[in-house]
Amino acid sequence: MSTTDAAGRAERRLGWALCAPAALVMVAVTGWPILYAVWLSFQRYDLKYPDQREFVGLDNYVTVLGNQYWWTAFGVTVLITVAQLVIEFVLGMALALIMHRALIGRGLVRTVSLIPYGIVTVVAAFSWRYAWTPDTGYLANLFTDGAPLTERASALAIIVVAEVWKTTPFMALLLMTGLALVPEDMLEAAQIDGASRWQRFTQVMLPVMKPAILVALLFRTLDAFRVFDNIVVLTDGAQDTSSVSVLAYNNLIKGLNLGIGSTMSVLIFLAVALIAFLFVKLFGTAAPGADDDGRR
Amino acid sequence: MRVRERDRGAVRRAVALGLAVAAAAGVTACAPPQSANTVNLYYAPEENLQTVVDKCNDQAQGRFKIVYHKLPRDADGQREQMVRRLAAQDDGMDVLGLDTTWTAEFARAGWVREWTGEDREQAEAGTLAGPLESARYGGKLFGAPKNTNVQLLWYRSDVVRTPPRTWDDMIEQARRLKAEGRPSTILIPGAQFEGYVVQYNTLLASAGGRLISDDGTRAVVDEGAVRALEQLKALADSGLTSPSMSNAQEDDIRLEFQQGEAAFQLNWPFVYPSMQEDAPDVARNVHWARYPSSDPDRPSKVTIGGFNLAVSRYSPRPAASFDAALCLRSAESQRFSAVEDGLPPTIESVYSGPEMAAEYPMRDTILEELRDPAIRPITPAYQNVSTVLSKLLSPASAIDPPRTAERMRTEVQNALDSQGVMP
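What you see is a predicted model, and the numbers here were worked out from it, not measured in a lab.

Next up on the list: the confidence of the model for chain B. Residues and elements named next belong to chain B. Of the residues in chain B, 92% reach a pLDDT of 70 or more, and the chain-wide mean stands at 89. The model gives residues 1–11 a pLDDT under 50, and that stretch makes zero contacts with residues more than four places away or in other chains. A low-confidence stretch, residues 14–31 (pLDDT under 50), is modelled with zero contacts involving residues beyond four sequence positions or located in other chains. Scored as a complex, the prediction yields pTM 0.80 and ipTM 0.75.

So this is what it looks like as structure tokens:
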């Protein structure tokens, strides 16, 4: 009894010892920067004035949360996220259904549809920018005589289009794994019971796919909320098109204001954490690998 | 026992070998192979700078060997790379190419060394006052002006008979040309970026206005500043600009001008050699004049740009670095860069050099502007001030002069105090 106990303990200790380096590295590379950002956010700290560093408590939070640029950027971020998500979901679902039912060249269809996702965002963004610039582009004069990237509404729309173009394939892929979960015989049974095509889709397929759909939406929401590259290349935040990430970058890297910039980073971190929390708690999104009921 | 002893020896050898391999890998991965007198120059991409570097290395006879590392093409990217590395006290950078507006910032943060003694005397000798002013901070010299820069009015001599002297005259001429159906567009870089702030600063200085107090601590934003806002607004509302004005940077308008629909272009002299190469048909008819003024009674005061060479605080080889920097900005090097890359020299005597007349025909107009230039506010917070200004000025059509000026006052003040949020 005692020998097996001792052996068990030794085994566990060995287990911990073997895990420890990896765990420590994880803490060091992810935990430490987050803690350091939180610590910086309580300070007045501008790299240009290294001698004026001081602790200011929540002052930076008051400054950022009371600033109209921050809230404009926040609104833009939410708008881009929601618009993108809705469009991507509809398109992605359509694409997934097509790919799922493709009879010939299924592999080829799937590969081809993934190409936009494989292109580096910045590269794609540059080609979008040239396409939408009068004289150099083929899209600019399609709708108006002006330059669509210089007007706020059309610039935002173009940003959303660029994002949708890039990540719809990824959404489709995630949804396709959900489609694979729907048992054929269940659909056949519904058909025999007289369910129309639309009813089969909404009342059989969607409920079965729910876990996959929520995971797909969670991933894409978190991704979309951090939108950065497309905005920087297409407008560089002109005409009030900055997202919160662009604003944080401007203050932190361009402005060298570590205090204000870190405050923004912490706020973005909190927003992302809140989104993940809402998805998991309210909608019961399952983490990949979790049990069927979606809660762990 | 003996066995264990032998084991330990083997382990020790293995560890030693591992460390040696890691160390060797580390050395080769981090630093380029270099000798004790290597001077690492970090500078914006400049087409023929490598030739200047080679010439200096030949002349140095072993005192230093400059290695030219190209920074990113855009100004923000250049500054960010240097700032990131200097903040981490990187000793791999020796000579830095600083845009004139960064000198105060780098000096205040303690990232660059002061020029003193004989080096300082050499850097100042014969150098134009304006560029020298932009290399100073708090009465000390922190950079040796390598090249300066100043914008000109480029126009099509086949459609414009006499170049406009004033801003209003330029708009008027363009309006007439448009009515006649001839090339009429006025091209100006109006994107939300530093180059647009340069345009504003020129209009402001030409109107005799001021934005920031002389000591660089207070936002002033006076009448002249409002007048300059009115002029930008008038241009944007005239319908004579390019539709992509508010998304266009300097190179964008150069390309647009080369397509032949424009009559006027407000831009740096780099457009001249570029046009000769890319669009010789248009280039044949392109002439230049002093940047138009705001005020018919006095000539324009044009914002200067350019680069200063500074020596990093963390450079392990300061003496060789100052030496190398002086060679890179010598009169000989500047003459070469003027002819080959279109860069205006900072040493006045170079302008009267023999081959300049043929190769650098706009030198007299440039020198005329350089003798009475406008300098952008000298403050460590310039980057922040500029970001705020470009935001408030963009798009030009949305400017509401008195209201925009009021917002400038508060937001520029915040930027100077490194408080508030940059847009």
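Turning to the sheet that holds strand S11 (residues 304–311) of chain B, a few remarks are in order. Residue and element names in this part refer to chain B. Taking strand neighbours across the sheet as the criterion, the five strands line up as S2-S1-S3-S11-S6 in an open arrangement whose pairing is mixed. A strand with exactly one partner marks an edge of an open sheet, and here the two such strands are strand S2 (65–70) and strand S6 (144–150). Here the average twist between neighbouring strands, direction ignored, is 20 degrees. Across six bridges, the pairing between strand S1 (residues 38–43) and S2 is parallel. Its bridge partner being in S2, Leu41 is matched across the sheet by Tyr68. Contacting S1, strand S3 (95–99) and S11, helix H3 (residues 75–87) runs over the sheet at an angle of about 135 degrees to S3.

Turning our eyes to something else, we now look at the environment of Ala248 of chain B. All names here are of chain B. Inspection of the secondary structure puts Ala248 in the loop between helix H9 (223–237) and helix H10 (250–258). Residue Ala248 is classed as buried on the basis of its relative accessible area of 4%. In this structure Ala248 touches Pro189, Gly190, Ala191, Phe193 and Ile253, once residues within four positions along its chain are discounted.

Structural remark: α-helix, 3.6 residues per turn; residues separated by three or four positions point the same way. Residue and element names in this part refer to chain B. Helix length check: helix H2 (residues 49–60), at twelve residues, gives a terminal C-alpha distance of 16 Å against a target of 16 Å (1.5 Å per residue), a fit within 8%. Considered for burial, the residues of H2 that qualify are Leu49, Val52, Val53, Cys56, Asn57 and Ala60. End-on view of H2: buried residues confined to an arc of 135 degrees, all on one side of the axis. Opposite its buried face, H2 presents the exposed residues Asp58 and Gln59, each directed more than 90 degrees away. Gln61 sits one or two residues past H2 and shows a positive phi near 50 degrees.

Here we take up the packing of helix H3 (residues 68–101) of chain A against helix H7 (residues 152–179) of chain A. Residues and elements named next belong to chain A. Where H3 meets H7, the closest approach of the two axes is 5 Å, and the angle between their N-to-C directions is 40 degrees. Taken together, the axes of H3 and H7 are oblique relative to one another. The interaxial crossing formed by H3 with H7 has right-handed handedness. Here the contact of H3 with H7 is composed, by residue class, of 23 nonpolar, six polar and three charged.

Time to look at the state of the cysteines. Residues and elements named next belong to chain B. Tallying each qualifying case throughout the model produces one disulfide over all chains. Each sulfur in the disulfide pair Cys56 and Cys327 lies 2.0 Å from the other. Of note, the bridge from Cys56 to Cys327 carries an S-S torsion of about -100 degrees and is left-handed in sense. Taken together, the positions of Cys56 in helix H2 and Cys327 in helix H13 (residues 318–328) put the pair 271 residues apart, joining distant regions of the chain. Looking at Cys327, the relative accessible area reads 13%, which means it is buried.

Turning our attention to the sheet that holds strand S7 (residues 152–156) of chain B. All names here are of chain B. Spatially, four strands are ordered S8-S9-S7-S10 in an open sheet, and the strand pairing comes out mixed. Strand pairing shows two members of the sheet lacking a second neighbour, strand S8 (185–187) and strand S10 (286–289), which therefore form its edges. Put simply, the sheet's adjacent strands are angled 20 degrees from each other on average, direction ignored. Of the pairings in the sheet, the one linking S7 to strand S9 (residues 262–267) comprises four bridges and is antiparallel in character. Looking across to S9, one finds that Tyr155 is bridged to Phe264.

Scoring rules and cut-offs
- Residues numbered from 1 in each chain as written.
- Chains lettered and ligands numbered in written order.
- Predicted model: local features only at pLDDT ≥ 70, side-chain atom pairs only at ≥ 80, totals over all residues.
- Heavy atoms only, no water.
- pLDDT = per-residue confidence, 0-100.
- Contact = heavy atoms within 4.5 Å.
- Pairing = 2+ DSSP bridges.
- Helix = DSSP H or I, 4+ residues; strand = E, 2+ residues; numbered from the N terminus.
- Axes fitted to C-alpha atoms, helices over the stretch in contact; angles between N-to-C directions.
- Buried < 20%, exposed > 50% of the residue type's maximum accessible area, 1.4 Å probe, protein only.
- Expected span 1.5 Å × (residues − 1).
- Arc of directions from axis to C-beta.
- Parallel < 35°, antiparallel > 145°, perpendicular 65-115°, else oblique.
- Left-handed = near helix turned anticlockwise from the far one by under 90°.
- Nonpolar A, V, L, I, M, F, W, Y, C, P; charged D, E, K, R; others polar.
- Disulfide = S-S within 2.5 Å.

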